[in-house]
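Coordinate inspection notes
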Amino acid sequence: MTDPFLPPGEASKRLEEWWNEGVVAAAAPMALWAALQEAQPKLRRIGLVAFPSGGQTNTGKRVELLECVRMGLHGAEVVLNGGCLAEGLWGEVEKEMRDLLKTAPEIELRFAVEWGRLGDEARRRLVRLLKDNQPKVLRAATGVYGPALTFQEVASLRAMLPKGVRLKLPAGKDGPPPAKYLDAGADLVESETPLSCGERP
């Protein structure tokens, strides 16, 4: 539920419908989760932190992570600083990763990057950092700034990632069906319409 204009009432209806159809997790901005405290409590809630730009300061992101903990969310997806990734400021990137990992170890932490906008060397350097600073999940695209990953890129990234890091991709409305990303090597696929995904949401 990444749409910033999604009304809480509509979001609540979606959560109930999704849960009844077997969907077990949903990601949404923090303000929306705050408005949905009573909606479908059994569903695993993932907070979107610094989404979608990742331009907030480390302190701002850490405060949002602590808010995820306070609200009892299962996990958080934090968008890493895209400018630092693009510029190759790897010391800053590693510091951000370490700061985030130690802020809220009690919840599932996920990093989000725009893999499709990184060059080959930046991709290799990022994967090396992930080996020593492992999130539970790497979200390889926000679905906002593009470009979408090809199936070949998904397979290549899956092969590069440390074994303990799962790979997540968003499925766009006009893109390939989520099952195609799963077949290419993704572990998780996010969809605004998961009930249309068949047996593999």
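On a predicted model such as this, the values are computed, not experimentally measured, just so you know.

A side chain with one charge may pair with a side chain of the opposite charge, provided their charged atoms come close. Enumeration according to the criterion identifies 17 salt bridges in this entry. The partner of Glu77 in a salt bridge is Lys168, and the shortest N-O contact between them spans 2.6 Å. Within this pair, whereas Glu77 is found in strand S3 (residues 75-79), its partner Lys168 is found in strand S6 (residues 166-171), the two being separated by 91 residues in sequence. Given a relative accessible area of 1%, Glu77 falls into the buried group. The salt bridge partner of Arg123 is Glu153, with a shortest N-O separation of 2.9 Å. Residue Arg123 is found in helix H6 (residues 120-132), and its partner Glu153 is found in helix H7 (residues 151-160); the two are separated by 30 residues along the sequence. We classify Arg123 as buried; its relative accessible area is 12%.

What follows deals with the packing of aromatic side chains. One pass over the structure, following the stated rule, counts one aromatic pair. Measuring from centroid to centroid gives 5.6 Å for Phe151 and Tyr181, while their planes differ by 70°, and the two rings are edge-to-face. Of this pair, Phe151 sits in helix H7 while Tyr181 sits in helix H8 (residues 178-184), and the two are 30 residues apart along the sequence.

Here the focus is H7. Taken together, the buried positions of H7 are occupied by Val154, Leu157 and Arg158. Looking straight down H7, one finds that the buried residues subtend no more than 100° of arc, so they occupy a single side. Within H7, the exposed residues directed more than 90 degrees away from the buried face are Gln152 and Ala159. Contacts made by the buried residues of H7 are with strand S5 (137-139), S6 and H8.

Moving on, we come to the environment of Leu48. Within the fold, Leu48 resides in strand S2 (residues 44-49). In this structure the C-alpha to C-alpha distance between Leu48 and Val78, which are 30 residues apart in sequence, comes to 6.3 Å. Apart from residues lying up to four places away in sequence, Leu48 is in contact with Thr2, Ala27, Ala28, Pro29, Met30, Glu64, Glu77 and Arg139.

At a closest axis distance of 10 Å, the pairing of helix H3 (residues 58-70) and helix H5 (residues 90-103) adopts a crossing angle of 25°. Of the possible angle classes, the one that applies to H3 and H5 is roughly parallel. Judged by the sense of rotation from one axis to the other, the crossing of H3 with H5 is right-handed. Where H3 approaches H5, its residues Asn58, Lys61, Arg62, Leu65 and Leu66 are matched on the opposing element by Lys95, Glu96, Asp99, Leu100, Lys102 and Thr103.

What counts, and where the lines are drawn
Residues numbered from 1 in each chain as written. Predicted model: local features only at pLDDT ≥ 70, side-chain atom pairs only at ≥ 80, totals over all residues. Heavy atoms only, no water. Salt bridge = Lys/Arg side-chain N within 4 Å of Asp/Glu carboxyl O. Helix = DSSP H or I, 4+ residues; strand = E, 2+ residues; numbered from the N terminus. Buried < 20%, exposed > 50% of the residue type's maximum accessible area, 1.4 Å probe, protein only. Phe/Tyr/Trp six-rings, centres within 6.5 Å; stacked < 30°, edge-to-face > 60°. Arc of directions from axis to C-beta. Contact = heavy atoms within 4.5 Å. Axes fitted to C-alpha atoms, helices over the stretch in contact; angles between N-to-C directions. Parallel < 35°, antiparallel > 145°, perpendicular 65-115°, else oblique. Left-handed = near helix turned anticlockwise from the far one by under 90°.

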